[in-house]
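Below, each chain spelled out in residue letters.
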Amino acid sequence: YLACFVLTVGLAAPGGLLAEPTQFDFAGDLAATFGPGTLDYFGASSGLVTFGTAGSFGLPALPGGNAAVMQFPAFSPSEGLVFDPTSEANGGGKMVNQYTMIWDLLVPNVTASGYMCLYQADGANSSDGEFFIKGSGGIGIHGNYAGTVTSNQWHRIAVVVDLVTQTMARYIDGVPVGALSLESAVDGRHAVGSSPKTLLLTDNDNETNAGYISCFYFTDSLL
């Protein structure tokens, strides 16, 4: 039940390094479908999620068919998922400063929470997250939100972060919805890595929402 259709070969990353992507398809657990990265539970979250398929949850089918799906609640600050990209540093810093993340998500009620955090680079979850869906449906950060994520529909949300140029590009269902300038530079707020690890779907002050995820993809390259 592969829902993500993304390139699985190594990609040439800036600086000539070979970027090895990681993809998770939530087929009954948090194991990677391919790639070196890992996912684990943050806190006691293992008892809060449910695995199934789009059909078993009564959800619309994905373009790839009746894909595997994980249902998750509006995580508290002590809950969520922990992602370790196991990637080498890039962008001239000590962390991963150039990367792409992709989520296949369905959110039943986009407006149920003022914001829904998609990832948090602070592994202790003691500060604000790095990328959100706003209650109005836009995606972004720093008060700059664009595009429309609608309730009860599958959406592919992608973010491309380049801290060398301090830019973030955003996409919904393959359509660019605008780039924005970031305050953080190399090894700054939006840099990710294995220490600290990155949290998914959680935030320090409950800016979260319940939903379903069918795929998460990461590469230390600018797609």
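As a reminder, the structure under discussion sits directly above these lines.
Residues numbered from 1 in each chain as written. Predicted model: local features only at pLDDT ≥ 70, side-chain atom pairs only at ≥ 80, totals over all residues. Heavy atoms only, no water.

**Focus on the packing of aromatic side chains**
Enumeration according to the criterion identifies 14 aromatic pairs in this entry. On the basis of an interplanar angle of 25 degrees and a centroid distance of 6.3 Å, the ring pair of F24 and F216 is categorised as stacked. Linking F24 in strand β3 (residues 22-24) with F216 in strand β18 (residues 211-219), this pair joins segments that are 192 residues apart in sequence. One exposure class covers both F24 and F216, and it is buried. Aromatic pair W103 and Y119: ring centres 6.1 Å apart, planes at 25 degrees, arrangement stacked. Of this pair, W103 sits in strand β9 (residues 98-106) while Y119 sits in strand β10 (residues 115-120), placing them 16 residues apart in sequence. Given the relative accessible area of 0%, W103 is considered buried. These aromatic residues form a ring-pair network of at least three members: F24, F83, Y99, W103, Y119, F131, F216 and F218. (Phe/Tyr/Trp six-rings, centres within 6.5 Å; stacked < 30°, edge-to-face > 60°. Helix = DSSP H or I, 4+ residues; strand = E, 2+ residues; numbered from the N terminus. Buried < 20%, exposed > 50% of the residue type's maximum accessible area, 1.4 Å probe, protein only.)

**Describing the sheet that holds strand β8 (residues 80-84)**
With antiparallel pairing, the seven strands of this open sheet are ordered in space as β5-β8-β17-β10-β11-β12-β13. The two strands at the open ends of the sheet, each matched to only one other strand, are β5 (38-42) and β13 (144-146). Between one strand axis and the next, the sheet turns through 30 degrees on average, direction left out of account. Looking at chain direction, β10 and strand β11 (residues 131-134) are connected through four bridges and run antiparallel. In the sheet register, Y115 faces β11, and the bridge partner there is K134. (Pairing = 2+ DSSP bridges. Axes fitted to C-alpha atoms, helices over the stretch in contact; angles between N-to-C directions.)

**Points about the pattern of salt bridges**
Counted according to the given criterion, the structure contains two salt bridges. The closest approach of N and O atoms between R156 and D104, which form a salt bridge, is 2.8 Å. One end of the pair, R156, is in strand β14 (residues 154-162); the other, D104, is in strand β9, and 52 residues separate them in sequence. Looking at R156, the relative accessible area reads 25%, which means it is partly exposed. Among the ionic pairs, R189 bridges to E130, the shortest N-O distance being 2.5 Å. In this pair, R189 sits in the loop between β16 (175-181) and β17 (198-200) while E130 sits in the loop between β10 and β11, placing the two residues 59 residues apart along the sequence. (Salt bridge = Lys/Arg side-chain N within 4 Å of Asp/Glu carboxyl O.)

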